[in-house]
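# Secondary and tertiary structure notes
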Amino acid sequence: MEPDRRSRRDVAVDSLLTVFAVLYGLVGFSGYGGELHPVDRVPDWVLWLDLAFLPLCCAGLWWRRSHPVTVALCVTLVSAFSVSAVGALVVALISLAAYRPFPRAAAVTLLAMVLSLPWVVLISPDPGGAVVILVMIVVMLSACLAWGAAIRSRRSLVERLREDVRRQRQMHEERLTTARVEERRRIAREMHDVIAHRMSLLSVHAGALAYRTERAETGEAAPLEAAEVGSAMRVIRDNAHRVLDELGDILDVLRSGDLVGEDPGEEDGSAPQPRLDDLQRLVREAVEAGERVEFDLDLPENARPREQVQRTAYRVVQEGLTNTRKHAPSARVAVEVTGAPGRGLEVVVCNPLPMGLVAPELPGTGAGLAGLAERVRLDGGRLEHGPGNGRFRLIATLPWPAEGSGEGPGEGSGSAAEEAEAARPGDETENEPRKVT
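Presented here is a report on the structure given in the accompanying data block. (Residues numbered from 1 in each chain as written. Predicted model: local features only at pLDDT ≥ 70, side-chain atom pairs only at ≥ 80, totals over all residues. Heavy atoms only, no water.)

## Section: the overall build of the chain
- Secondary structure summary: the chain contains 11 helices and 6 strands in total.
- Burial statistics for the chain: of 437 residues in total, 37% are counted as buried.
- Of the contacts formed within the chain by residues at least 6 apart in sequence, a portion of 75% connects residues at least 24 apart.
- In the form shown here, the chain has an accessible surface area of approximately 24700 Å², with 60% of it arising from carbon and sulfur atoms. (Helix = DSSP H or I, 4+ residues; strand = E, 2+ residues; numbered from the N terminus. Buried < 20%, exposed > 50% of the residue type's maximum accessible area, 1.4 Å probe, protein only. Contact = heavy atoms within 4.5 Å. Areas by Shrake-Rupley, 256 points an atom, 1.4 Å probe, with all protein chains shown as cover.)

## What about the pairing of strand 1 (residues 292-298)?
- Examined bridge by bridge, strand 1 and strand 2 (residues 332-340) share 7 bridges and lie parallel to one another. In the strand pairing of strand 2, Asp-296 is matched with Glu-336.
- Each parallel crossover has a hand, and for strand 1 linked through helix 9 (residues 307-327) to strand 2 it is left-handed. (Pairing = 2+ DSSP bridges. Right-handed = clockwise from strand over helix to strand, strands pointing away.)

## Thoughts on the pairing of strand 3 (residues 344-352)
- With 7 of 9 residues buried, strand 3 lies mostly within the body of the structure.
- Relative to strand 3, strand 2 runs antiparallel, the two being bridged by 7 bridges. Residue Gly-339 lies in a different strand from strand 3, and its bridge partner there is Leu-345.
- Once strand 2 ends, the chain turns through 3 residues before running back antiparallel as strand 3, passing Gly-342 with a positive phi of about 85°.
- For strand 3 and strand 5 (residues 391-398), the ladder comprises 8 bridges, and the chain directions are antiparallel.

## A few points about the side chain of Thr-76
- Structurally, Thr-76 is set in helix 3 (residues 68-79).
- Judged by its relative accessible area of 0%, Thr-76 is buried.
- Among the polar contacts listed, one links the side chain of Thr-76 to the backbone oxygen of Ala-72, at a separation of 2.6 Å.
- Excluding anything up to four places from it in sequence, Thr-76 contacts Leu-89, Leu-93, Val-108, Leu-111, Ala-112 and Leu-115. (Polar contact = N/O pair within 3.5 Å; in protein donor to acceptor, adjacent residues only side chain to side chain.)

## Re the environment of Leu-115
- Tracing the sequence through the fold places Leu-115 in helix 5 (residues 102-123).
- We classify Leu-115 as partly exposed; its relative accessible area is 24%.
- In this structure the C-alpha to C-alpha distance between Leu-115 and Thr-76, which are 39 residues apart in sequence, comes to 7.9 Å.
- In this view, Leu-115 contacts Thr-76, Leu-77 and Ala-80; residues no more than four positions away in its chain are not counted.

## Points about helix 9
- With 21 residues, helix 9 should cover 30 Å at 1.5 Å per step; its first-to-last C-alpha distance of 30 Å lies within 8% of that length.
- Within helix 9, 19 of the 21 residues are buried, leaving the element largely enclosed by the surrounding structure. (Expected span 1.5 Å × (residues − 1).)

## A short note on the nonpolar core
- Of all hydrophobic cores here, the largest spans 32 residues; its most connected members are Leu-61, Val-75 and Leu-141.
- Every element with two or more residues in this core is listed here: helix 2 (44-60), helix 3, helix 4 (86-99), helix 5 and helix 6 (127-217).
- Counting residues per element, this core draws most heavily on helix 4, which supplies 9 residues.
- With residues up to four places along the chain from it excluded, the contact list for Leu-141 reads Leu-89, Leu-93, Thr-109, Ala-112 and Met-113.
- Judged by nonpolar contacts, the second largest core, of 30 residues, contains Val-293, Ala-313, Val-317 and Val-376. (Core = buried A, V, L, I, M, F, W, Y, C linked by side-chain atoms within 4.5 Å.)

## A word on a positive patch on the surface
- Together, Arg-9, Arg-154, Arg-155 and Arg-162 line one region of the surface with positive charge.
- Of the residues forming the positive patch, the biggest block, 3 residues, is contributed by helix 6. (Patch = residues over 30% accessible without salt bridge, like charges linked within 9 Å, V, L, I, M, F, W, Y side chains within 5 Å. Salt bridge = Lys/Arg side-chain N within 4 Å of Asp/Glu carboxyl O. Lys, Arg positive; Asp, Glu negative; His and termini not counted. Charge placed at Lys NZ, Arg CZ, Asp CG, Glu CD.)

## Quick look at the side chain of Gln-308
- Tracing the sequence through the fold places Gln-308 in helix 9.
- For Gln-308, the side chain forms a polar contact with the side chain of Arg-311, separated by 2.8 Å.

Bear in mind that shape data such as this cannot, by itself, settle questions of function.
Written out as structure tokens, the structure is:
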């Protein structure tokens, strides 16, 4: 269908085609009186009728886009006796083949050829001239049909290419949207893991300080000494600073506006990311907060899994300690990290279940374990958690392929002297499991 308003280009093209049809019709009409068009064989009223249809046929070309079949049929019928309508017939047939399927355009073109036979027989003075005119008509109309079909084919090709470009652009936008959503989910998990852990430490210290102060006010315990208050406040201050620093690193990523184009497992290089070697510091902070933790790290001395797996293992231990402070604040926690190349990495955080129904001391969204399970799944591992035999267990099994024994910081990068130093008698204790209570 023709659009409601024509563009300037459409108006210019229609005007030029109309001028072409008028000039072509006048040239054809001026052919009367020649050898192929003897004027004595044509009545005068036919000449005037022929010329009268020229403006009508040319005016009909302005509807060739919206009604190409109707325009082509009308001009074809007029061209059966009007030489001046041949120019309009050429434009109408080309437009018909360009805007409608080929079989329909071919049928109208064949009709135009058939209707031209009586005119050729009646006007031509001899059989030789009739054959020449007939061949010219067939060639001309066939060329119009082929030209219009070529235009339609080119338009279809251009439209398919445009559709492919639109589809590719849409798919690209969908991929960008998915990447942004996944990146925001990753940042949300990081914020939960980091801030929940730090805030739980702050809450434990502040709660202990408030409890001791209340007991001192009621006379049930001795007042807090200045050193004790100062020590507790320093711990609260240090953890608050760490919360702000880690939150600032995450906000830097959000402010950068570049949430896509990087691997989801890659972290911002502006701050060092936690690894297995940082578990000692994590456990020490929990112990300083009053949590009772047994830590067992049993890994080969010079081997570590890839960094993403190390970060996930760190987050598993962090989430386990945080949940223990929330739901079993006085329970003893056992943390075990074991594994080897080719065997995998296993992280276990276990604590006794509290007696009776205990309301959590710290608020939470309840999405920590769900996000942790998603993180472990993305790394190709599995996460199991739940109560059993009076204990709550959080078990994460992560992949550590044999070829990964050369990964990680310092794996296989030590010199021969360092290896010999590590293998001397008396250093065997360094390969024993390390424990912190």
